[in-house]
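Chain and residue survey
Chain by chain, the residues run as shown.
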Amino acid sequence: MSWLTTTRSRLTGFMKRRETPDNLWHKCRNCGAMLYTKEFEENLQVCPRCDHHERIGPSDRFAQIFDHGAHVGITVPPTTEDPLRFRDQKRYTDRLKSARTGTGETEAMTLARGSIGGVETVVAVQNFAFMGGSMGQGVGEAFLTGARAAIHAHAPFVVFTAAGGARMQEGILSLMQMPRTTVAIAELREAGLPYIVVMTDPTTGGVTASYAMLGDIQIAEPRALIGFAGQRVIEQTIREKLPEGFQRAEYLLEHGMLDMVVARKDLRETLGRLLGLLMRPHAAAA
């Protein structure tokens, strides 16, 4: 046995190994860069190397978007759970329980009220970590509650979308949320209140086919995946190769489906400016 091995074994006996926290580093999902977690969070969870905008949940979004992060949550009325008694590899109730435990939220859409740029605003945020942000009765009820809270407060309604589509475990009941949310948007327009959509990665399926594409102003975060069907499904259907970046925010902006693509660091300022302009007639009338 060498001197180095003997010395190391002796030192190990009375020197405790320094423990390193598991969450000290974050690996970028796009470029694979190892980022210091604290710096990554200070950069609003955007990779400083490739500008990849990481998916974030309601609590982080509210903290970033409201003035000084100050906001008040809005309670959503409960809906019937597991109306079809659905079961695949797991029971639907078990999937709901797991999603609630993992996210700390009761549903895939969360509501809050606060000011953005000094304008009182109701904000809804979809959480992709909650069963892929899927749209079921709970999401539909949250959207209606948010829209009507905005009408009651005479405030604009801003929705951050992130979803894989309708929730298959609720069958046709999930698809019925598409016309329900459309009616809520019509109520906002009758009240003359702005409805702004911020599409984040990914926004797909029935959400794209309903309230995600009905905003008075359509915004998206950089490189967000936005579409109805998947690229492979489209290519197999039309038997043609789609252009590069076909369903990315920048392509949609270039082809007129979006009004602007805004980096996360500029989002609060941009929304504050837009809301101030859109609500100016209301302030003058008051």
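The structure presented is a predicted model; accordingly, all values stated were derived computationally and were not measured.

1. Brief notes about the layout of surface pockets
- In this structure, the largest pocket encloses a volume near 450 Å³.
- Elements with a contribution of two residues or more to the lining of the largest pocket: α2 (37–42), α3 (58–65), β5 (119–126), β6 (157–163) and β7 (195–203).
- The element contributing the most residues to the lining of the largest pocket is α3, with four residues.
- Across the lining of the largest pocket, the residue classes break down as eight nonpolar, 11 polar and 10 charged.
- Of the domains in this structure, domain 1 (19–54) and domain 2 (55–279) are the two that each give at least three residues to the lining of the largest pocket.
- Roughly 340 Å³ of volume is contained in the second largest pocket.
- Around the second largest pocket, the lining comprises 22 residues; the ones closest to its centre are Val 76, Pro 77, Arg 100, Thr 106 and Glu 107.
- Broken down by secondary-structure element, the contributors of at least two residues to the lining of the second largest pocket are α4 (92–103), β4 (109–116) and α5 (137–153).
- The residue makeup of the lining of the second largest pocket, split by class, is 10 nonpolar, five polar and seven charged.

2. Description of the state of the cysteines
- Using the criterion set out here, one finds zero disulfides in the structure.
- In this structure Cys 31 is a free cysteine whose sulfur lies 3.7 Å from that of Cys 50, the closest cysteine sulfur available.
- Here Cys 47 stays free of any disulfide, with the sulfur of Cys 50 as its closest cysteine sulfur at 3.7 Å.

3. Observations concerning the pairing of β6
- Counting buried positions along β6 gives seven out of seven residues, so the element sits mostly inside the fold.
- Judged by which residues are buried, β6 turns out to be covered on both faces: Phe 157, Val 159, Thr 161 and Ala 163 on one side and Val 158, Phe 160 and Ala 162 on the other are all buried.
- Strand direction decides the pairing type here: β5 and β6, joined by four bridges, are parallel. In the sheet register, Val 123 faces β6, and the bridge partner there is Val 158.
- Once the chain exits β5 it traverses α5 before rejoining the sheet at β6, and the crossover so formed is right-handed.
- Note that β6 and β7 share six bridges and pair parallel. From the neighbouring strand, Ala 163 faces β7, where its bridge partner is Thr 203.

4. So, unusual backbone geometry
- Here the residue pair Asp 201 and Pro 202 is connected by a cis peptide bond, since its omega of -10° sits within 30 degrees of zero.
- For Pro 202, the position within the fold is in strand β7.
- Despite not being glycine, Leu 44 has its phi angle at roughly 60°, a positive value.
- Tracing the chain through its elements places Leu 44 in the loop between α2 and α3.
- Its identity as a non-glycine residue notwithstanding, His 154 has a phi of 55°, on the positive side.
- Residue position: His 154 is located in the loop between α5 and β6.

Rules behind the numbers
- Residues numbered from 1 in each chain as written.
- Predicted model: local features only at pLDDT ≥ 70, side-chain atom pairs only at ≥ 80, totals over all residues.
- Heavy atoms only, no water.
- 1 Å grid on protein atoms, 1.4 Å probe; cavity = no way out; pocket = protein on both sides within 12 Å on 5 of 7 lines; lining within 4 Å.
- Points joined across faces, edges and corners; volume = space filled by probe spheres on them.
- Helix = DSSP H or I, 4+ residues; strand = E, 2+ residues; numbered from the N terminus.
- Nonpolar A, V, L, I, M, F, W, Y, C, P; charged D, E, K, R; others polar.
- Domains from an automatic or database assignment.
- Disulfide = S-S within 2.5 Å.
- Buried < 20%, exposed > 50% of the residue type's maximum accessible area, 1.4 Å probe, protein only.
- Pairing = 2+ DSSP bridges.
- Right-handed = clockwise from strand over helix to strand, strands pointing away.

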